[in-house]
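# Summary of the model geometry
The primary structure of each chain is shown beneath.
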Amino acid sequence: MNKDQRIKKNKEFQHIFKKGKSFANRQFIVYVLKNEQPEFRVGLSVSKKVGNAVARNRIKRYIRQTFLELKDDLLPNADYIIIARPQAATLDFHESKKSLEHVLKIARTLPRK
């Protein structure tokens, strides 16, 4: 993901938390806020409750890779914040991708197939 697709600033996170809609399953919480930008942006939050640094970084890599694979199907003009729950640490890549797709379909940002 390039720098234009990342949400890093706390102010942006707080704005999306306040104005966006949230959707969840057992492994992930997704906040979505539509905007006027040409491409989507993603912010990640994985707390220390999820696991050690290795586990947290693995989950973040899985989430980024999932968004790269789904970039053509996602709503282009939206901001996404993904919060990983502790159950996400037990998933491999394919399970985490399936779980993220499930939440994004609930959020209606990914078309149902």
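Look a little higher up for the structure.
These remarks concern the structure in this document. Since the model is a prediction, treat every value here as computed from it, not as a measurement.

Now for the layout of surface pockets. Here the idea is plain: a probe the size of a water molecule rolls over the atoms and shows the empty space left. Here the largest pocket is characterised by a volume of approximately 170 Å³. Lining the largest pocket, in full, are Met1, Arg6, Ile7, Lys8, Phe13, Val42, Leu44 and Arg64. In the lining of the largest pocket, the residues fall into five nonpolar, no polar and three charged.

What follows is about the nonpolar core. Membership of the largest hydrophobic core comes to 23 residues, with the highest contact counts inside it found for Phe28, Ile59, Phe67, Leu74, Tyr80, Ile82 and Leu104. Among the secondary structure elements, those contributing two or more residues to this core are strand E2 (28-34), strand E3 (41-46), helix H2 (53-70), strand E4 (78-84) and helix H3 (93-106). When near neighbours in sequence (up to four residues on either side) are disregarded, Ile59 contacts Phe28, Val46, Val50, Ala84, Ala88 and Ala89. Core analysis: the second largest hydrophobic core is formed by seven residues, Ile7, Phe13, Leu33 and Ile81 among them.

What counts, and where the lines are drawn
- Residues numbered from 1 in each chain as written.
- Predicted model: local features only at pLDDT ≥ 70, side-chain atom pairs only at ≥ 80, totals over all residues.
- Heavy atoms only, no water.
- 1 Å grid on protein atoms, 1.4 Å probe; cavity = no way out; pocket = protein on both sides within 12 Å on 5 of 7 lines; lining within 4 Å.
- Points joined across faces, edges and corners; volume = space filled by probe spheres on them.
- Nonpolar A, V, L, I, M, F, W, Y, C, P; charged D, E, K, R; others polar.
- Core = buried A, V, L, I, M, F, W, Y, C linked by side-chain atoms within 4.5 Å.
- Buried < 20%, exposed > 50% of the residue type's maximum accessible area, 1.4 Å probe, protein only.
- Helix = DSSP H or I, 4+ residues; strand = E, 2+ residues; numbered from the N terminus.
- Contact = heavy atoms within 4.5 Å.

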